[in-house]
Amino acid sequence: MAFYTLKLRDDDVVEMLDQRKLPLEIIYVELKTYKEVYDAIKDMIVRGAPAIGVSAAFGLYLGAKSLLDLPEVNGYETFKKKFFDIADFMFSARPTAVNLGWAIGRIKELVETEGKNVAQNNAGLKKIVSRIRVESIKIYDEDIEINKNMGRYGASLLKDGFNVLTHCNAGALATAGYGTALGVIRAAVSENKKISVISDETRPFLQGARLTTWELMEDGIPVTLIADNSAGLLMRKGKIDAVIVGADRIASNGDVANKIGTYQVAVLAKENNIPFYVAAPLSTIDINLESGDGIPIEERDINEVVMVFGKRIAPENAKALNYAFDVTPNRYVSAIITEKGILYPDYKKSIADVFGK
Ligand code: MRU
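Residues numbered from 1 in each chain as written. Predicted model: local features only at pLDDT ≥ 70, side-chain atom pairs only at ≥ 80, totals over all residues. Heavy atoms only, no water.

The next point concerns the overall build of the chain. Counting its secondary structure elements, the chain contains 11 helices and 16 strands. Here the C-alpha radius of gyration of the chain, 21 Å, is about what a compact globule of 357 residues would show, namely 21 Å. In terms of principal-axis extent, the alpha carbons of the chain reach across some 70 × 50 × 40 Å. The buried share among the 357 residues of the chain stands at 56%. Long-range contacts, defined here as pairs at least 24 residues apart, represent 75% of the contacts in the chain between residues at least 6 apart. Total accessible area on the chain stands at roughly 15,500 Å², and carbon and sulfur atoms take up 51% of it. (Helix = DSSP H or I, 4+ residues; strand = E, 2+ residues; numbered from the N terminus. Rg over C-alpha atoms; globule rule 2.2 N^0.38 Å. Buried < 20%, exposed > 50% of the residue type's maximum accessible area, 1.4 Å probe, protein only. Contact = heavy atoms within 4.5 Å. Areas by Shrake-Rupley, 256 points an atom, 1.4 Å probe, with all protein chains shown as cover.)

Written out as structure tokens, the structure is:
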């Protein structure tokens, strides 16, 4: 792959491919503070549940490092208090993707554990900060590995010659690399199966048109872009063999929150007897959440709806709604592909089993 989504450089600068600009401009932004990382998540320079989690981990490292320069941080307790404030701030960047809280929780836990082991001086704090750095890179590396494992399992569901519809971008651009839904497609292609992808454009942010189409073309995987409202027609015509999407949060009963518009694709798939698959790492499953009703749905600026690339397309002062995600009830989900295997209904049971509950 000729691009990378994000990385933490040796000089402690976080680099991100600016996804607001793709595919017309390929620009990497350099982020030097945790606040810049927060803004990058909020403004969707980086997006996609796993990529948001990895970004937050890198951001927390930059935040922790900056605390070492503060005179008022003079021991573990003052460090921890300020670090947890930074963690809460980072958590508020976007509400729906559970991976954000998952990654932040993992780093907070590390800080608590290390706090018990290190000396109560600046050297001790430096040690904690360097452990955060190692952990954030581990989260990055693990994400790629997890996606590859998910791909290996999921590829068994895609037969040679399949036309696969996807919504939004659940690819390398939405993760540290390789992708979830697109990772499954990549794995099937690498097994020499002929797979063609139909990409929903995904209004209003156009992740399908701008990101999925670009990412797959970069990789030489056949892809055809459609307007969101074409999916039903193509399904009825027998032009779609399977749907595969990613997820931002999956409740313990298998209800799936994903990009707005996913629900209607899932309903159409069931109506047309087409399997609807969700590919997501276990970190996307919110095991403490009983159903999708409890998933917070992000509402974004209505300018994303009333304008396209800064050009107004609706009347001045038009009312608009901009929910960024919807919830697909579990009855529409044929299978959930994870790094530990493929889960089938009854999801309450199969999800509990995979978590050893
Ligand atoms: O608003 P976005 O672009 O962050 O939404 C992304 C999605 O909905 C993806 O499908 C989801 O995060 C899975 S990414 C592997």
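Before going further, it helps to spend a moment on the site of the ligand. Taken together, 19 residues are adjacent to the ligand, and Arg47, Arg94, Asp248, Asn258 and Lys259 come closest. In this structure, aspartate 248 approaches the ligand through a side-chain N or O atom, which is 2.7 Å from an oxygen atom. Between the ligand and the protein, one listed contact pairs an oxygen atom with a side-chain N or O atom of asparagine 258 at 2.6 Å. For the ligand, the accessible surface in isolation is 410 Å², of which the surrounding protein chains cover 100%. Among the cavities detected, the one that contains the ligand is the largest cavity. For the shell around the ligand, the secondary-structure elements that each account for two or more residues are helix H2 (49–67) and strand E9 (256–259). Residues belonging to the shell around the ligand are distributed by class as follows: 8 nonpolar, 7 polar and 4 charged. Each of domain 1 (6–149) and domain 2 (153–354) contributes no fewer than three residues to the shell around the ligand. (Near = heavy atom within 4 Å. Polar contact = N/O pair within 3.5 Å; in protein donor to acceptor, adjacent residues only side chain to side chain. 1 Å grid on protein atoms, 1.4 Å probe; cavity = no way out; pocket = protein on both sides within 12 Å on 5 of 7 lines; lining within 4 Å. Sits in = over half its atoms within 2 Å of the grid points. Nonpolar A, V, L, I, M, F, W, Y, C, P; charged D, E, K, R; others polar. Domains from an automatic or database assignment.)

Moving on, we come to the packing of helix H3 (residues 76–91) against helix H4 (residues 98–117). For the pair H3 and H4, interaxial distance at closest approach is 10 Å and the crossing angle is 175°. On the basis of their axis angle, the class for H3 and H4 is roughly antiparallel. Contacts between H3 and H4 involve Tyr76, Phe79, Lys80, Phe83, Phe84, Ala87, Asp88, Met90 and Phe91 from the former and Leu100, Gly101, Ile104, Ile107, Lys108, Val111, Glu112 and Gly115 from the latter. Classifying every residue of the contact of H3 with H4 by side-chain character gives 11 nonpolar, 2 polar and 4 charged. (Axes fitted to C-alpha atoms, helices over the stretch in contact; angles between N-to-C directions. Parallel < 35°, antiparallel > 145°, perpendicular 65-115°, else oblique.)

Within the fold, alanine 257 resides in strand E9. Here alanine 257 falls in the buried class, since its relative accessible area comes to 0%. Put simply, alanine 257 and proline 296 are 39 residues apart on the chain and 9.2 Å apart in space, counted from C-alpha to C-alpha. Dropping the residues within four chain positions of it, alanine 257 is found in contact with Thr96, Ala247, Asp248, Arg249, Ile295, Asp326 and Val327.

Let us look at the nonpolar core. Met16, Ile41, Phe79, Phe83, Met90 and Ile132 are the most contacted members of the largest nonpolar core, which totals 49 residues. Listed by contribution, the elements that provide at least two residues to this core are strand E1 (6–8), strand E2 (14–17), strand E3 (28–31), helix H1 (34–42), H2, H3, H4 and helix H5 (122–154). No other element matches the 12 residues that H2 contributes to this core. Ranked by size, the runner-up nonpolar core spans 27 residues in total, among them Ala231, Val245, Val278 and Leu343. (Core = buried A, V, L, I, M, F, W, Y, C linked by side-chain atoms within 4.5 Å.)

All right, on to empty space enclosed by the protein then. Scanning all chains against the criterion turns up 3 cavities of 30 Å³ or more. Counted as a void, the largest cavity has a volume near 190 Å³. For the lining of the largest cavity, the secondary-structure elements that each account for two or more residues are H2 and E9. Broken down by element, the residue count for the lining of the largest cavity peaks at 3 residues, all from H2. When the residues that make up the lining of the largest cavity are grouped by side-chain class, the tally is 12 nonpolar, 8 polar and 4 charged. (Points joined across faces, edges and corners; volume = space filled by probe spheres on them.)

Attention shifts here to the pattern of salt bridges. For the structure shown, the criterion picks out 21 salt bridges. The shortest N-O distance in the salt bridge between arginine 9 and glutamate 15 comes to 2.8 Å. With a closest N to O distance of 2.8 Å, arginine 106 and glutamate 135 form a salt bridge. Of the two residues, arginine 106 is situated in helix H4 and glutamate 135 in helix H5; the sequence distance between them amounts to 29 residues. Each of the two residues, arginine 106 as well as glutamate 135, counts as buried. Beyond isolated ion pairs, a larger network of salt bridges with shared partners links Arg9, Asp11, Glu15 and Glu30. (Salt bridge = Lys/Arg side-chain N within 4 Å of Asp/Glu carboxyl O.)

All right, on to helix H11 (residues 347–354) then. Three or more residues of H11 are buried, namely Tyr347, Ser350 and Ile351. End-on view of H11: buried residues confined to an arc of 95°, all on one side of the axis. More than 90 degrees from the buried face of H11, the exposed residues found are Lys348 and Lys349. Among the structural elements, strand E8 (249–251), strand E11 (285–286), strand E15 (335–338) and strand E16 (341–343) are those in contact with the buried residues of H11. Where H11 starts, the residue carrying a side-chain oxygen 3.0 Å from the main-chain nitrogen of lysine 348 turns out to be aspartate 346. Taken from the residues just after H11, glycine 356 is the one with a positive phi, measuring 65°. (Arc of directions from axis to C-beta.)

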